[in-house]
Amino acid sequence: MKKTVLSGMRPTGNLHLGNLYGALKNWIALEKENYNRFYFVADWHALTTGFDNSKEIPENTINMVIDWLAFGLSPEKNTLFVQSLVKEHAELFLLLSMITPVGWLERVPSYKDQIAQLGKAKTSNYGFLGYPVLMAADIIIYKAHYVPVGLDQVAHLEFTRELVRHFNNITKARVFIEPQPLLTEVPKILGIDGRKMSKSYDNAIYLSDSEEETAKKIKIMFTDPRRKRKTDPGVAEECGVFMLHKIFSPKQLQDEVKEACAKATIGCVECKKKLTENLNKSLKPVREKRELLINKKEDVKEILVEGSKKASKEASKTLEEVRDAIFSTNRLR
């Protein structure tokens, strides 16, 4: 039997380089493997901390999927769908909520961190507390064998595995399998201010940025703090500019920049100029495809509608097993 891979993204707007090379590139690489692949727009998850911006979610959904397609994710090789168009997720979320101890939710690694970061006003709701249960439902309703994650996200998947064991032990039905992390290499990408690239930090370079906008952002990027003057030697591996060189520049240029930085024979201005040329050159065909897709939004919607229908068929099979496990096969229909 073909094994299944599943992952999703919250529709918070256009994608930046961290999204593209931290997740999407790995999704595309998995197209070469013999898996059933489901990738979804997690629009219900976006409501847990962004309900006040809910009107933006439909447009963000289309824009995000346009970025997926422009970057090269194939709707023919993968099932692309929208979470809220597959109502079975909501029913499984409800049923799993009935057996999930509150203490489990309160000890999820990101729970207190997110409260500290976002504040109680955005996180004092059941949806936020129950986020891991909905995440578990998203995964196990397709009986996903693998979830592509970076090493720092493995702990989040353990909640889903624990909930699977709990459900199977209570019902004795063994409906679900425990999903395993599919560890993927996630390149370190820093934003223009030296912190992790993130929309919330307003430090990101987006696929939707023009060549001119990209050049302006790279021009003000933080570099190795050792290099206060051009004659000061630096360590390329600790510079956000060089981290992007490692993705977008030829290996020969990477080696040259690394050596020149250490010897202080190249300045940061020149280094950034070389990066800008290679980054814009690499993204040019992707941006061109993106422009075409922007004018074909109805086609993008159709891809998501058809993908959601396919996902719903798979999800309904599992949900029928869940209902039987809970209520027995003699239940009212």
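Residues numbered from 1 in each chain as written. Predicted model: local features only at pLDDT ≥ 70, side-chain atom pairs only at ≥ 80, totals over all residues. Heavy atoms only, no water.

Trainee: Whenever I open this one, the overall build of the protein confuses me. Can you help?
Mentor: A tally of regular secondary structure across the protein gives 15 helices and five strands. For 333 residues, the compact-globule estimate of 2.2 N^0.38 gives 20 Å, and the C-alpha radius of gyration of the protein, at 22 Å, lies within 12% of that figure. Expressed as a percentage of contacts within the protein between residues at least 6 apart in sequence, the contacts between residues at least 24 apart total 77%. Total accessible area computed for the protein in this model is approximately 17,300 Å², and 54% of it derives from carbon and sulfur atoms. Charge centroids of the protein, computed over 52 positive and 43 negative side chains, lie 2 Å from each other. (Helix = DSSP H or I, 4+ residues; strand = E, 2+ residues; numbered from the N terminus. Rg over C-alpha atoms; globule rule 2.2 N^0.38 Å. Contact = heavy atoms within 4.5 Å. Areas by Shrake-Rupley, 256 points an atom, 1.4 Å probe, with all protein chains shown as cover. Lys, Arg positive; Asp, Glu negative; His and termini not counted. Charge placed at Lys NZ, Arg CZ, Asp CG, Glu CD.)

Trainee: What is the right way to read the packing of helix α11 (residues 211–219) against helix α14 (residues 268–294) from this model?
Mentor: In helix packing, the relevant descriptors are the interaxial angle and the interaxial distance, both defined with respect to the helix axes. Put simply, α11 and α14 touch, their axes get as near as 10 Å, and they point 150° apart. Looking at the two axes, α11 sits roughly antiparallel to α14. In the packing of α11 onto α14, the handedness of the crossing is right-handed. Two secondary-structure elements touch here, α11 through Glu211, Thr214, Ala215, Ile218 and Lys219 and α14 through Lys272, Leu275, Thr276, Leu279, Asn280, Lys284 and Arg287. Across the contact of α11 with α14, the residue classes break down as four nonpolar, three polar and five charged. (Axes fitted to C-alpha atoms, helices over the stretch in contact; angles between N-to-C directions. Parallel < 35°, antiparallel > 145°, perpendicular 65-115°, else oblique. Left-handed = near helix turned anticlockwise from the far one by under 90°. Nonpolar A, V, L, I, M, F, W, Y, C, P; charged D, E, K, R; others polar.)

Trainee: Even after reading the chapter, I still don't get the pattern of salt bridges, so can you show me in this structure?
Mentor: Once the charged atoms of two side chains with opposite charge are near each other, the side chains can pair. By the definition in use, this model includes 22 salt bridges. For the salt bridge of aspartate 224 with arginine 226, the shortest nitrogen-to-oxygen distance reads 3.0 Å. Among the ionic pairs, glutamate 238 bridges to arginine 226, the shortest N-O distance being 3.0 Å. With glutamate 238 in the loop between α11 and α12 (240–248) and arginine 226 in the loop between α11 and α12, the pair connects residues that are twelve residues apart, well separated along the chain. According to the relative accessible area criterion, glutamate 238 is partly exposed, its value standing at 47%. We classify arginine 226 as partly exposed; its relative accessible area is 40%. Three or more residues are tied together by salt bridges with common partners; here these are Glu158, Arg161, Arg165 and Glu178. (Salt bridge = Lys/Arg side-chain N within 4 Å of Asp/Glu carboxyl O. Buried < 20%, exposed > 50% of the residue type's maximum accessible area, 1.4 Å probe, protein only.)

Trainee: I keep staring at the environment of leucine 253 and nothing clicks. Help me out?
Mentor: For leucine 253, the position within the fold is in helix α13 (residues 251–263). With 58 residues separating them along the chain, leucine 253 and arginine 195 place their C-alpha atoms 25 Å apart. Apart from the residues within four sequence positions on either side, leucine 253 is in contact with His245, Lys274 and Asn278.

Trainee: What exactly am I supposed to notice about unusual backbone geometry here?
Mentor: Across the chain, the bulk of peptide bonds are trans and the bulk of non-glycine residues have phi less than zero. Despite not being glycine, lysine 143 shows a phi value in the positive range, around 50°. Summarising the element assignment, lysine 143 is placed in the loop between α9 (131–140) and β4 (146–149). A relative accessible area of 25% places lysine 143 in the partly exposed class. In this model, lysine 172 sits at a positive phi of 60°, which is unusual for a non-glycine residue. Along the chain, the position of lysine 172 falls in the loop between α10 (154–171) and β5 (180–183).

Trainee: Honestly, α11 in this entry has me stumped. Any pointers?
Mentor: Given 3.6 residues to a turn, an α-helix orients residues that are three or four positions apart in the same direction. Three or more residues of α11 are buried, namely Thr214, Lys217 and Ile218. Down the axis of α11, the buried set is contained in an arc of 95°. They therefore lie on one face. Exposed and facing more than 90 degrees away from the buried side of α11 are Glu212, Lys216 and Lys219. Those residues of α11 that are buried lie in contact with α14. (Arc of directions from axis to C-beta.)

Trainee: Looking at this structure, how should I read the pairing of β5?
Mentor: Side chains on a regular strand alternate between the two faces of the sheet. Note: β4 against β5, four bridges, orientation parallel. Following the sheet pairing, proline 148 is matched in β5 by leucine 182. For the crossover from β4 across α10 to β5, the handedness is right-handed. (Pairing = 2+ DSSP bridges. Right-handed = clockwise from strand over helix to strand, strands pointing away.)

Trainee: Sorry, what's going on with the side chain of serine 249 here?
Mentor: With respect to the helices and strands, the residue serine 249 is situated in the loop between α12 and α13. For serine 249, a relative accessible area of 6% corresponds to the buried category. In this structure serine 249 touches Leu244, Gln254 and Asn278, once residues within four positions along its chain are discounted.

Trainee: What is the right way to look at the environment of serine 84 in this model?
Mentor: Here serine 84 is to be found in the loop between β3 (79–82) and α4 (88–97). Measuring from C-alpha to C-alpha, the distance between serine 84 and histidine 45 comes to 9.6 Å, with 39 residues separating the pair along the chain. Excluding residues that lie within four positions of it along the chain, serine 84 makes contacts with Asp43 and Trp44.

Trainee: Even after reading the chapter, I still don't get the nonpolar core, so can you show me in this structure?
Mentor: Leu17, Leu20, Leu24, Tyr39, Trp68, Leu244 and Leu279 are the most contacted members of the largest nonpolar core, which has 53 residues in total. At eight residues, helix α3 (residues 57–71) tops the list of elements feeding residues into this core. Leave out the neighbours within four places in its chain, and leucine 244 touches Leu17, Ile189, Ile205, Met221, Ser249, Leu275 and Leu279. Ranked by size, the runner-up nonpolar core spans 39 residues in total, among them Phe93, Leu95, Leu129 and Leu319. (Core = buried A, V, L, I, M, F, W, Y, C linked by side-chain atoms within 4.5 Å.)

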